[in-house]
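Here is how the chains run, residue by residue.
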Amino acid sequence: MKKQKEKTSVSPVETDDIKTGEKPEITAEQPDGPVSREKAVADAVSAEAAAIVKSQAFSDKILTPAQKRKRTAQSWTFMFVGIIMMSCSVYFFQTPNDFTMGGVAGIAIVLANLLQPLIPSMSPDVIQGGLMVIINVFLLILGLIILGKQCTIKTIICSLFYSGFILLFGYLNVIGHINEAVGRVETVINPETGAEITKALRTLSDEPFMELVYSILLFGVGGALVFNSGSSSGGTDIIALILKKYTKLNVGFALMLIDFIVICISFYTFSIEGALFSMLGLFTKSFLLDGVIESIGKTKYITIITEKPELISDYILKDINHSFTMYDAEGGYSHQKKKVLITVCKRAEAIRLKMKIHQVDPMAFVIITDANEILGKGFGGTL
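Residues numbered from 1 in each chain as written. Predicted model: local features only at pLDDT ≥ 70, side-chain atom pairs only at ≥ 80, totals over all residues. Heavy atoms only, no water.

*Asks:* Explain the overall build of the protein chain to me, and be specific about the residues and the numbers.
*Replies:* On a plain count of helices and strands, the protein chain comes out with 12 helices and 7 strands. Burial status across the protein chain gives 46% buried among its 383 residues. Considering only contacts within the protein chain whose residues lie at least 6 apart along the sequence, 73% involve residues at least 24 apart. (Helix = DSSP H or I, 4+ residues; strand = E, 2+ residues; numbered from the N terminus. Buried < 20%, exposed > 50% of the residue type's maximum accessible area, 1.4 Å probe, protein only. Contact = heavy atoms within 4.5 Å.)

*Asks:* Hey, could you go over a nonpolar patch on the surface for me, with residue numbers and the actual values?
*Replies:* Taken together, the side chains of Val 137, Ile 141, Ile 145 and Leu 160 present a nonpolar region at the surface, about 360 Å² in accessible area. It is helix α4 (residues 124-146) that contributes the most residues to the nonpolar patch, 3 residues altogether. Relative to the elements of secondary structure, Leu 160 occurs in helix α5 (residues 153-172). Leu 160 sits in the partly exposed class, given a relative accessible area of 39%. (Patch = residues over 30% accessible without salt bridge, like charges linked within 9 Å, V, L, I, M, F, W, Y side chains within 5 Å. Areas by Shrake-Rupley, 256 points an atom, 1.4 Å probe, with all protein chains shown as cover. Salt bridge = Lys/Arg side-chain N within 4 Å of Asp/Glu carboxyl O.)

*Asks:* Talk me through unusual backbone geometry; I want residue IDs and the actual numbers.
*Replies:* Positive phi is not limited to glycine here, since Asn 173 has a value of about 55°. Looking at the element boundaries, Asn 173 is found in the loop between α5 and α6 (174-182). Positive phi, normally seen in glycine, also occurs at His 335, with a value near 60°.

*Asks:* Break down the side chain of Thr 155 for me, citing the residues and quoting the values.
*Replies:* Mapped onto the elements, Thr 155 comes out in helix α5. Overall, Thr 155 belongs to the buried group, its relative accessible area being 7%. Excluding residues that lie within four positions of it along the chain, Thr 155 makes contacts with Ser 231, Ser 232 and Gly 234.

*Asks:* So what's going on with the pattern of salt bridges? Residues and values would help.
*Replies:* Counted by the stated rule, this structure contains 5 salt bridges. Linking Lys 300 and Asp 370 is a salt bridge whose minimum nitrogen-to-oxygen distance equals 2.5 Å. Highlighted residues: Lys 300 in strand β4 (residues 299-306) and Asp 370 in strand β7 (residues 365-373), separated in sequence by 70 residues. Between Lys 337 and Glu 330 there is a salt bridge; the shortest N-O distance is 3.2 Å. Lys 337 sits in the exposed class, given a relative accessible area of 63%.

*Asks:* Explain the nonpolar core to me, using residue names and the numbers behind them.
*Replies:* Grouped together as the largest cluster of nonpolar side chains are 22 residues, with contacts concentrated most on Ile 83, Val 90, Met 132, Tyr 162 and Ile 238. Of all the elements in the fold, those that place two or more residues in this core are α2 (65-97), α3 (103-115), α4, α5, α7 (208-228) and α8 (236-246). Counting residues per element, this core draws most heavily on α4, at 6 residues. (Core = buried A, V, L, I, M, F, W, Y, C linked by side-chain atoms within 4.5 Å.)

*Asks:* Give a detailed account of α4, specifying residues and quantitative values.
*Replies:* When the terminal C-alpha atoms of α4 are compared, their 32 Å separation across 23 residues agrees well with the 33 Å that a helix rising 1.5 Å per residue should span. Within the span of α4, buried status applies to Asp 125, Ile 127, Gln 128, Gly 129, Leu 131, Met 132, Ile 135, Asn 136, Leu 139, Leu 140 and Gly 143. On the buried face of α4, the contacting elements are α2, α3, α5 and α8. The N-cap of α4, judged by a side-chain oxygen 3.2 Å from the amide nitrogen of Asp 125 a few residues on, is Ser 123. Positioned one or two residues after α4, Gly 148 has a phi angle of 65°, which is positive. (Expected span 1.5 Å × (residues − 1). Polar contact = N/O pair within 3.5 Å; in protein donor to acceptor, adjacent residues only side chain to side chain.)

*Asks:* How would you summarise the packing of aromatic side chains if you had to cite specific residues and measurements?
*Replies:* Scanning the model with the defined rule gives 10 aromatic pairs in all. Note on Phe 80 and Phe 161: the rings are 5.2 Å apart at their centroids and 90° apart in plane angle, and the pair reads as edge-to-face. Note that Phe 80 is positioned in helix α2 and Phe 161 in helix α5, a separation of 81 residues in sequence. Given the relative accessible area of 27%, Phe 80 is considered partly exposed. Owing to a relative accessible area of 38%, Phe 161 belongs among the partly exposed residues under this scheme. Aromatic pair Phe 92 and Phe 169: ring centres 5.9 Å apart, planes at 45°, arrangement tilted. Here Phe 169 lies in helix α5 and Phe 92 lies in helix α2, a separation of 77 residues in the sequence. Through a chain of ring-to-ring contacts, the aromatic side chains of Trp 76, Phe 80, Tyr 91, Phe 92, Phe 161, Phe 165 and Phe 169 assemble into a single cluster. Here Lys 154 stacks its cationic end above the ring of Trp 76, 5.3 Å away from the centre of that ring. (Phe/Tyr/Trp six-rings, centres within 6.5 Å; stacked < 30°, edge-to-face > 60°. Lys NZ or Arg CZ within 6 Å of the ring centre and 35° of its normal.)

*Asks:* Break down the packing of α2 against α7 for me, with residues and values.
*Replies:* Relative orientation of the contacting elements α2 and α7 amounts to 155°, with a least axis distance of 7 Å. Classified by the angle their axes make, α2 and α7 are roughly antiparallel. Here the hand of the crossing between α2 and α7 comes out left-handed. Split into classes, the residues belonging to the contact of α2 with α7 amount to 17 nonpolar, 7 polar and 1 charged. (Axes fitted to C-alpha atoms, helices over the stretch in contact; angles between N-to-C directions. Parallel < 35°, antiparallel > 145°, perpendicular 65-115°, else oblique. Left-handed = near helix turned anticlockwise from the far one by under 90°. Nonpolar A, V, L, I, M, F, W, Y, C, P; charged D, E, K, R; others polar.)

*Asks:* Just give me the short version of the confidence of the model for the protein chain, but keep the residues and values in it.
*Replies:* Caution applies to low-pLDDT parts of the model: their predicted coordinates are not meant to be read in detail. When pLDDT is averaged along the protein chain, the result is 77, and 79% of the positions lie at 70 or above. Across the protein chain, element-level confidence peaks in α6 with a mean pLDDT of 91 and bottoms out in helix α1 (residues 47-56) with 38. The model gives residues 1-61 a pLDDT under 50, and that stretch makes 134 contacts with residues more than four places away or in other chains. (pLDDT = per-residue confidence, 0-100.)

So this is what it looks like as structure tokens:
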């Protein structure tokens, strides 16, 4: 057997019937597109990993209707949790501190700061939320016209709810109520009457670096949940896809370029300190986003060499609900006939399978390695 790379990324291929006693045809494929927003997939795919996916695309009958409904509900739940986390990052931490970490949120923060003197009666949070709704709706319409099916229903829903939550938080003045409740207020002079009035502070604390950390964590983890549910927050993602269509820029570089331009504008709009925090936040968020996406999508590639394949194969099919590839092998020293079973499953399933193998065949030889991403029937994505 060829040496297996510790980390692999595999793409779906059509399942072929593999007869016992014949080694599966092994091919190597080059995946299309990036694993995440700013990180390309590995340059080459392991030949054995490609062979695994042939057997992994098993019949739909293995997944029951209840399992399919559970998987769909899980995907939508993760998407909405991710949207809420991203919205909280923007409203509670980015906007009050003038952190412009790119995207439509960063553009709206800059524009809201410029428009605030023209509309003094309106809260800057409400202005920003309204601008995000307007910009996202415009980009969604533009994306549907130019990109067509690449703007999925999930992306449309995610984009609108993301903007809507921020607008709702601003309209309800959530930060103001929190700060009033804990006594974070200041006394200012009303320029018209000269009377003293009490006003809630804009930020939740006096520690901008701590608030930057929270904004990065919420946005990075939330964005990873959204992307792994097969969706996108829209916005500048759509601009990047349009640039990719008409130029030679890849999506990751286009997104980084757009975000960098937004931060450069913030140098002139806000303080240098805020812009430097924004620059730090952008790069840290990118690394965190990639790391969380890979962590969520990581699965186990398992090779089992055994003399008792029946019990193990039944457990894989009936208890774990996955398929496998099986072929004959021969011990190099003993020359005993053995069976090789190869399968891919989630981490929790791999632990159960390992315990079962130890129970039914303690002498089995098991190799378990990481696979960064599995696509195909039974997986359909990384969640």
